[in-house]
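Residue-level structural notes
Spelled out, the chains give:
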Amino acid sequence: GWCAITAAGLLMPDGKPRRLFGEAGLVRALGDLVGADGGVLSRSPLDQMEAIELLIELGACYRATRRDPPPQVSAMLEVLVPPLLGLTHGDGSLGNWQGAGAVSADEIAALVEASGVRARPLRDARQWGYQRVSANKTILQFDAAPPPLARHARHGCASTLAFELSAMGQRLVVNCGGAAFAGGQVPVRIEKGLRCTAAHSTLVLDDANSTAVLMNGKLGSGVNEVELDRRTLQAEGNGGLATRIEASHDGYASRYGLIHRRILLLRDDGTELRGEDLLVPARGRTKRGKVAYAIRFHLGPGVESGLSEDKRGVGLALPDGTYWQFRAGSEGSEVAIEESLWVDGSGRPQPVQQLVISGMVSRGGGSFSWLFKKMG
C-alpha cells in the first residue's frame with residue numbers, strides 16, 4: 001500500500017505531497033516488516049520475495065521520473081537479498097520453509113538481477129532464524145528459531161529444528177511446504193497438515209506440534225526460546241573440517257517435560273551429515289512414564305529408497321545417479337519408509353517418500369543418532 005501511494009505521488013501531476021507522505025509511511029512500514037539481518041518477520045521466503053519485488057517496481061517509478069529514492073529504501077533492498085539467497089539450494093531454487101514451495105532457480109535469478117544487488121547468501125541469520133552451511137556442493141538449511149508471531153504470518157509453520165539437505169543441486173531431505181498455495185492445486189483441507197511439525201524433517205513427540213497450529217490460520221503457544229551454537233571443528237576419520245550446529249527448543253517442555261536438542265555435523269567435503277536428536281528433561285518438569293516419538297526425514301522428489309535387511313539402514317538413489325546411505329545409529333531404532341508429499345515452486349504437490357524412526361521414549365529423556373553418507 002505504501003509503495004502504491006509513493007508511486008502515485010511520483011507519477012501523478014502535483015504529486016509531491018502524496019509522495020512525501022508515502023515515503024514516510026514506507027520507511028516506517030519497512031522498519032516494522034524487516035528484522036536486523038534483513039529477513040521479514042513472517043520468516044517466509046515468499047514474503048521476502050514480495051518485498052523485493054515491490055521495491056524493484058517502485059525503483060522503476062523513481063527512475064522514470066528521474067528522482068532518487070530515499071536512502072533507506074535503497075539500503076533496504078540491499079539487505080533483503082542476502083537472506084533470500086541463504087535459503088537457496090545448489091541449483092538456485094528455494095527450500096520449502098514457512099508455507100513456501102520450491103520456487104525455481106530462474107525466478108530467483110531474475111528477481112536478484114532486477115534488484116541490481118550483488119551479494120553472497122547469508123549463512124548465519126540469527127534473527128530471521130535460518131542457518132546455512134555450504135560444504136563443497138552440499139547445502140544444509142536449518143530452522144533455528146521459534147515460528148513467526150501470529151500477527152506477522154498467515155501461513156506460519158511449526159518447523160523449529162527442521163532441516164533440508166541437497167547435494168550437487170539434488171534435493172535429498174526436504175520439508176513438505178506449500179501451505180501458502182492452498183486453494184490451488186494444493187487442497188485447502190490439507191493446509192493445516194502442511195503447517196504441522198510432522199510435515200517437516202524433524203522430531204515430533206506424541207504426534208503433537210512443537211508450536212500449536214490453530215484453525216484460524218494463526219499459530220498458538222509452543223516454542224518460545226531456541227538456543228543455538230555454531231562452530232567449525234576438526235572432522236573425524238580422514239581429517240578435514242566440519243561445521244557443527246547445536247540447537248534446542250522448549251516447545252514440548254510444558255506438555256511433556258522434555259527439551260528437544262538437535263546436533264548436526266556436516267563435513268566440509270559434503271559427503272557426510274551426522275545428526276543426533278536428544279530429549280532432555282526440562283528443569284523442574286520431571287515426569288514419569290513414556291511418550292511416543294517420531295523422527296521424520298522427507299525425501300526429495302525422484303529419490304528412490306530401499307530398506308536394509310536389519311531395518312536400520314536405507315539406500316538412497318538420487319536422480320543424478322549418485323547413491324547415499326542412511327543409518328539409524330541408536331540401538332533398537334528401526335527405520336520405516338512411508339508416503340509423503342512435496343510441493344514445487346508452482347504449487348503442485350508431488351508424491352515422495354519419508355524415512356521415519358519411531359518408538360516410545362522415557363520421560364527421563366533419550367538420544368537418537370543417525371547418518372547420511374554419500375557412497376562411492
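Everything below is about the structure printed above this text.
Conventions used here
- Residues numbered from 1 in each chain as written.
- Predicted model: local features only at pLDDT ≥ 70, side-chain atom pairs only at ≥ 80, totals over all residues.
- Heavy atoms only, no water.
- Helix = DSSP H or I, 4+ residues; strand = E, 2+ residues; numbered from the N terminus.
- Buried < 20%, exposed > 50% of the residue type's maximum accessible area, 1.4 Å probe, protein only.
- Pairing = 2+ DSSP bridges.
- Core = buried A, V, L, I, M, F, W, Y, C linked by side-chain atoms within 4.5 Å.
- Contact = heavy atoms within 4.5 Å.
- Arc of directions from axis to C-beta.
- Axes fitted to C-alpha atoms, helices over the stretch in contact; angles between N-to-C directions.
- Parallel < 35°, antiparallel > 145°, perpendicular 65-115°, else oblique.
- Left-handed = near helix turned anticlockwise from the far one by under 90°.
- Salt bridge = Lys/Arg side-chain N within 4 Å of Asp/Glu carboxyl O.
- Phe/Tyr/Trp six-rings, centres within 6.5 Å; stacked < 30°, edge-to-face > 60°.
- Lys NZ or Arg CZ within 6 Å of the ring centre and 35° of its normal.

Of all residues except glycine, most have a negative phi; of all peptide bonds, most are trans. One non-glycine residue, Gln98, adopts positive backbone phi at about 50 degrees. Mapped onto the elements of the fold, Gln98 is located in the loop between helix H4 (71-85) and helix H5 (105-115). Looking at Gln98, the relative accessible area reads 3%, which means it is buried. Even without glycine at this site, Asp206 takes up a positive phi of about 55 degrees.

What follows deals with the pairing of strand S4 (residues 163-167). With 5 of 5 residues buried, S4 is to be regarded as a mostly interior element. The side-chain alternation of S4 yields two buried faces, one formed by Phe163, Leu165 and Ala167 and the other by Glu164 and Ser166. Pairing between strand S3 (residues 138-143) and S4: 5 bridges, direction antiparallel. Looking across to S4, one finds that Gln141 is bridged to Glu164. As defined by bridge partners, S4 adjoins strand S5 (residues 170-174) across 3 bridges and the pair is classed as antiparallel.

Attention shifts here to the nonpolar core. With 45 residues, the main nonpolar core has Phe163, Leu205, Leu273, Phe297, Leu316, Phe326 and Phe372 as its most contacted residues. With 5 residues, strand S11 (residues 290-299) is the largest single contributor of residues to this core. Setting aside residues no more than four positions away along its own chain, Phe372 makes contact with Phe163, Leu165, Leu172, Val173, Thr271, Glu272, Leu273, Phe297, Leu316, Trp324, Gln325 and Phe326.

Residues spaced three or four apart along an α-helix point in a common direction, a consequence of the helix completing one turn every 3.6 residues. Among the residues of helix H1 (residues 2-11), those classed as buried are Cys3, Thr6, Ala7, Gly9 and Leu10. The buried residues of H1 occupy one face: seen down the axis, they fall within an arc of 160 degrees. On its buried face, H1 sits against helix H2 (16-33) and helix H3 (45-64).

With that settled, consider the packing of H3 against H5. One way to put it is that H3 packs onto H5 with a least axis distance of 10 Å and a crossing angle of 40 degrees. Taken together, the axis directions place H3 and H5 in an arrangement best described as oblique. As for the relative orientation of H3 and H5, their crossing is left-handed in sense. Across the interface between the two elements, Met49, Ile52, Glu53 and Ile56 from H3 touch Glu107, Ile108, Leu111, Ala114 and Ser115 from H5.

In terms of residue burial, S5 counts as a mostly covered element, since 5 of its 5 residues are buried. Linking S4 back to S5 in an antiparallel pair, the connection comprises 2 residues, with Met168 at a positive phi of about 55 degrees. Pairing between S5 and S11: 2 bridges, direction antiparallel. What sits directly across from Val174, in S11, is His298.

The next point concerns the pattern of salt bridges. Here the idea is simple: oppositely charged side chains can pair when their charged atoms come close. Applying the stated criterion across every chain yields a total of 14 salt bridges. Here Arg126 makes a salt bridge to Asp124, at a shortest N to O gap of 2.8 Å. Using a relative accessible area of 28% as the deciding quantity, one classes Asp124 as partly exposed. For Asp344, the salt bridge identified is with Arg348, shortest N-O distance 3.0 Å.

As a further point, take the packing of aromatic side chains. Summed over the entire model, instances satisfying the criterion amount to 12 aromatic pairs. Through pairs of rings, three or more aromatic residues link up here, namely Phe163, Phe297, Phe326, Trp370 and Phe372. For the cation-ring pair, Arg43 lies above Tyr130, with the distance from its terminal atom to the ring centre recorded as 4.4 Å.

Sheet architecture is open: 8 strands sit in the order S7-S8-S9-S10-S17-S14-S13-S12, paired in antiparallel fashion. With partners counted over all chains shown, the strands left at the sheet margins are strand S7 (226-234) and strand S12 (304-307), one partner each. Within the sheet, the average angular offset between the axes of one strand and its neighbour, ignoring direction, is 15 degrees. Sheet analysis places strand S14 (residues 323-328) next to strand S17 (residues 366-374), joined by 5 bridges and oriented antiparallel. Bridge pairing in S17 places Arg327 opposite Leu371.

For the pair H1 and H3, the least separation of the axes is 9 Å and the interaxial angle reads 10 degrees. Taken together, the axes of H1 and H3 lie roughly parallel to each other. Packed against H1, whose contacting residues are Cys3, Thr6, Ala7, Leu10 and Leu11, the element H3 presents Leu54, Leu55, Leu58, Cys61 and Tyr62 at the interface.

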